[in-house]
Amino acid sequence: MALELPKDKWSGSVQEVVIGATAADGGTRTAAVTVGGETTMPFVHFEAETPNRPVLALEIKDFRPNDWSTLLLDVWGEATNDPGAWAKAAEEAGADLLLLSLSLTDPEGNPNTPEAAVKAAKAVLEGSGLPLMVYGPGQAEVDNELLVPVANACQGERIVLGICEDKNYRTLVATAMANGHLVVGRAPMDVNLSKQLNILIKDAGLPLDRVLMDPTTGALGYGIEYGFSVMERLRLAALRGDAMTQSPMSVNVGFETWKTKESKVGDDVPETWGDWEERAISWETITAITLIEAGADIVILRHPESLKRVRAAIDNLITAPELS
Amino acid sequence: MAISGIEIYKMLPKTNCKDCGFPTCMAFALKLAAKQVELSACPHVSEEAKAQLAASSEPPVRLITLESDGHKLEVGNEVVLFRHEKTFYNKPGFFFLVKDSEEPAAITARVKEIDAFAVNYVGIDLTVDGFAVKSEGEGAALAAAVEAVRAGTKRPLILIGDDPQVLSAGLGKLDGEKTLIATATPENWEAMTDLAVAHKASLVVTAGSLDELAELTPKIKEKGLPNLVLDPQVSNFNDGVVKNTILRRMALAKNFRPFGFPIIAYPYKAGVPEVEIALATQAITKYAGFIVLENFAPETFYGLLVLRENIYTDPQKPIQVQPGVYEINQPSPEAPVMVTTNFSITYFSVANEIESSGLPGFLLVADAEGMSVLTAWAAGNFDAEQIAKDVKRFGVEEKISHKSIILPGHVAVLSGELEEELPGWEIKVGPREAVDLPAYLKQVA
Ligand code: SF4
């Protein structure tokens, strides 16, 4: 006998999105990264091949962060004082792209400035040839104030600007349109809110091949199941042909996991939590792999060892197995 | 394909006698089609109809039970491919591997350590479910290893080997238990089936391909053993997704009976601790019912235990934490009081931020029906009256030397009313998002 494989028939697919521009396309990146394009649930190879692998970004900061776990500060060392050097180190650690997340203040506590943000972005572009995402500190006015000049200064590089939310997307979308960039929109763990935000972004004029969505997730132990299910539902909706859910999904696993107590601190925790460093890396790795199984296209991480482990899983996931 | 309610109705007595507890045969038929009742609830159904309906009234993924002195593990009975469609019901069991080539004393020591491990997560103690004893030699060695394991744990066991006689020696030490034995193959399945039947054990079945596996399980069932577990021989990430998806889709969507069983995964075969964790992660998300691990380390096993809790949480029910006053970082009476809701994620993100700020505080978790701050406020479950009620009910005033309370920024509008409900209190407005709490607390401290 030969089993008839239980294939689902889908009418839709995930939008393919290109991040970063090489010299040939008017930028300076050594290679662009393509995400999306899937026509099946994650890695269901017997329906169709996975056209683009999930990609891994490493997050770096413009200033040495004062709220990051010492495990991270130690592993990146001196590079945390220099975004260009940090970018280079992250590329050497195997990242596919970089996230530069801008700080609200400098280490002395003074408000960040557009000049400093542009300088940091330029340093990152110099330090590494990888495609770039740039996020503001997460306060609407400051984000716009810092990201518009960065977008101008990086014209043609096809960077990803973030984060668009329902109350703050117009400025970012406008500057992305003016400078040939992309945006990422984030909605709080809800299929309909993700859809609505994509409609707003599209109506503001940005074509959907320049939009990513961040469905928001919690870390392992802190709501990962909500992220997992909303991503599965978004992917199912995309495959069923709902255009407003077809953007590739980006999740910030590093940010979410490294603020959990399990990862952030080593002292004053239960003995049953075991070794701190291994626990922190496992926390980030387990969260990342779980969300990749749910359909993540871009996973942002912070620790190079997590990146190595997740990379190994992806390398294997994207090749079709022999079904003897 | 699953039988429809109408088809089932045609086979029932159609007397509407109500003995099944339903008003009509049709109502019963519909419940049966939805697999929400057992056929045996109708005492009047004919033998012929029984036989015909037997297949369709079985759960799509058979429930497998392992049992030992004081412990019971149930796996299977799953009905959906994606947890949001309903829920994943029975958490996969975690089993740690023991080889019978190891010294008995070393086996007992290792088993004791793992058996005793319990890590608290949201108020629940999470532990291992059992042990898998792998035969690498003669029956006597397996029997000795089983005894050594039993000296360290009472939890259920899986016995792994391919020689029925060797396994029999191990099973001889486990009288009265419900064990899982592995592995039946196209070569040894008859003797393995006899062994499992004789010892009331469940049996793991494997074959070189899924085609052969589909041929093998019906033969074993025919021989009188319905309690089977599938081993699709997953050795890597890609075939983990592909094979487990095929098995589960065929069982659920196609009602393909030969695959209507739980799946066992062996991440330990990776041989590298960090790959083992990654494969176990995948097994939890992708349909495994039994997960066999080898490398035990609290720092990694904790993460896997938590992931299993998370993925097997019922998505229809908001998870709630107990309302009350939570003391974080050993607060003294001067420490600030913050209020939030009892939606577990809200609670954990707030508590987590206070904890990681290093600053002491009291967190009053109000009873908001398990909703997040904004949802609960919109639904009228988190208002000034409720907060004031919980301030009194949980004796906040007795714990502190001041009279001020910090509201979440999202419900700043409640300040006025809360001042009326709590005369003499100072009502402060904190940040909207938990993540900004540490900075805020540093300011007010
Ligand atoms: S017990 Fe059987 S015959 Fe009586 S109503 Fe129920 S289904 Fe019909």
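Keep in mind the model is a prediction, meaning the values are calculated, not measured.

1. As for the overall build of chain A
Now for step 1: Counting secondary structure elements, chain A contains eleven helices and ten strands.
Now for step 2: Principal-axis analysis of the C-alpha atoms gives chain A an extent of 70 × 55 × 35 Å.
Now for step 3: Taken over 324 residues, chain A has a buried fraction of 60%.
Now for step 4: Of the contacts formed within chain A by residues at least 6 apart in sequence, a portion of 70% connects residues at least 24 apart.
Now for step 5: With an accessible surface of roughly 11,900 Å², chain A has 48% of that area assigned to carbon and sulfur atoms.
Now for step 6: Here chain A contributes 27 positive and 47 negative side-chain charges, whose respective centroids are spaced 4 Å apart.

2. Things to note about the pattern of salt bridges
All names here are of chain A.
Now for step 1: Applying the stated criterion across every chain yields a total of 30 salt bridges over all chains.
Now for step 2: Among the ionic pairs, arginine 302 bridges to glutamate 59, the shortest N-O distance being 2.8 Å. Linking arginine 302 in the loop between strand 10 (298–301) and helix 11 (304–317) with glutamate 59 in strand 3 (residues 55–61), this pair joins segments that are 243 residues apart in sequence.
Now for step 3: Here arginine 302 falls in the buried class, since its relative accessible area comes to 7%.
Now for step 4: Among the charged side chains, a network of salt bridges with common partners joins Glu278, Glu305, Lys308 and Arg309.

3. Describing the sheet that holds strand 5 (residues 132–135) of chain A
Residues and elements named next belong to chain A.
Now for step 1: In space, the eight strands of this open sheet follow the order 8-7-6-5-4-3-10-9, with parallel pairing throughout. Two strands lie at the open edges of the sheet, namely strand 8 (211–214) and strand 9 (250–252), each paired on one side alone. The average angle at which neighbouring strand axes cross in this sheet is 25°, direction not considered.
Now for step 2: Across four bridges, strand 7 (residues 182–186) lies against strand 8 in parallel orientation. Bridge pairing links valine 184 to leucine 212 in strand 8.
Now for step 3: On top of the sheet, helix 2 (residues 83–92) reaches strand 3 and strand 4 (97–101); it is set at about 155° to strand 3, its chief contact.

4. Observations regarding the domain arrangement of chain B
One widely used convention gives an interface's size as the accessible area the parts lose upon coming together.
Now for step 1: Along its sequence, chain B is carved into domain 1 (5–57), domain 2 (64–311) and domain 3 (324–444).
Now for step 2: Just the C-alpha atoms count here: the centres of domain 1 of chain B and domain 3 of chain B sit 54 Å apart.

5. Observations regarding the packing of helix 3 (residues 114–127) of chain A against helix 4 (residues 140–153) of chain A
Residues and elements named next belong to chain A.
Now for step 1: Closest axis-to-axis distance for the helix 3/helix 4 pair is 8 Å, and the angle between their directions is 45°. What the angle tells us is that helix 3 and helix 4 run oblique. In this structure, the crossing between helix 3 and helix 4 has a hand that is right-handed. Of helix 4, the residues touching helix 3 (which contributes Pro114, Ala117, Val118, Ala121 and Lys122) are Glu145, Leu146, Pro149, Val150 and Ala153.
Now for step 2: The class makeup of the residues in the contact of helix 3 with helix 4 is eight nonpolar, no polar and two charged.

6. Some remarks on the site of the ligand
Now for step 1: Taken together, Pro13(B), Thr15(B), Asn16(B), Cys17(B), Lys18(B), Asp19(B), Cys20(B), Cys25(B), Phe28(B), Cys42(B), Pro43(B) and His44(B) make up the full set of residues adjacent to the ligand.
Now for step 2: In terms of residue class, the shell around the ligand is built from seven nonpolar, three polar and two charged.

7. Section: the side chain of Arg248(B)
Residue and element names in this part refer to chain B.
Now for step 1: Summarising the element assignment, arginine 248 is placed in helix 9 (residues 237–252).
Now for step 2: The charged side chain of arginine 248 is buried without a salt bridge, its nearest counter-charge being glutamate 78 at 5.7 Å.
Now for step 3: Sequence-distant contacts of arginine 248, that is, excluding residues within four places in its chain, are made with Val61, Glu78, Leu81, Ala253, Phe261, Pro262, Ile263 and Tyr287.

8. Digging into the interface of chain A and chain B
Now for step 1: In this assembly, 54 residues from chain A lie in contact with 54 residues from chain B.
Now for step 2: Together chain A and chain B conceal approximately 4,700 Å² of surface at their shared face, both sides included; 65% is due to carbon and sulfur atoms.
Now for step 3: Our count for the chain A to chain B interface comes out at three salt bridges.
Now for step 4: A salt bridge links Arg249(B) to Glu47(A); the shortest N-O distance between them is 2.5 Å.
Now for step 5: Linking chain A with chain B are 19 residue pairs in polar contact (both at pLDDT 80 or more), by the criterion used here.
Now for step 6: Those elements giving two or more residues to the side of chain A that touches chain B turn out to be helix 7 (224–239), helix 9 (261–264), helix 10 (276–293) and helix 11 of chain A.

The rules we used
- Residues numbered from 1 in each chain as written.
- Chains lettered and ligands numbered in written order.
- Predicted model: local features only at pLDDT ≥ 70, side-chain atom pairs only at ≥ 80, totals over all residues.
- Heavy atoms only, no water.
- Helix = DSSP H or I, 4+ residues; strand = E, 2+ residues; numbered from the N terminus.
- Buried < 20%, exposed > 50% of the residue type's maximum accessible area, 1.4 Å probe, protein only.
- Contact = heavy atoms within 4.5 Å.
- Areas by Shrake-Rupley, 256 points an atom, 1.4 Å probe, with all protein chains shown as cover.
- Lys, Arg positive; Asp, Glu negative; His and termini not counted.
- Charge placed at Lys NZ, Arg CZ, Asp CG, Glu CD.
- Salt bridge = Lys/Arg side-chain N within 4 Å of Asp/Glu carboxyl O.
- Pairing = 2+ DSSP bridges.
- Axes fitted to C-alpha atoms, helices over the stretch in contact; angles between N-to-C directions.
- Domains from an automatic or database assignment.
- Parallel < 35°, antiparallel > 145°, perpendicular 65-115°, else oblique.
- Left-handed = near helix turned anticlockwise from the far one by under 90°.
- Nonpolar A, V, L, I, M, F, W, Y, C, P; charged D, E, K, R; others polar.
- Near = heavy atom within 4 Å.
- Buried area = accessible area lost by both parts, 1.4 Å probe.
- Polar contact = N/O pair within 3.5 Å; in protein donor to acceptor, adjacent residues only side chain to side chain.

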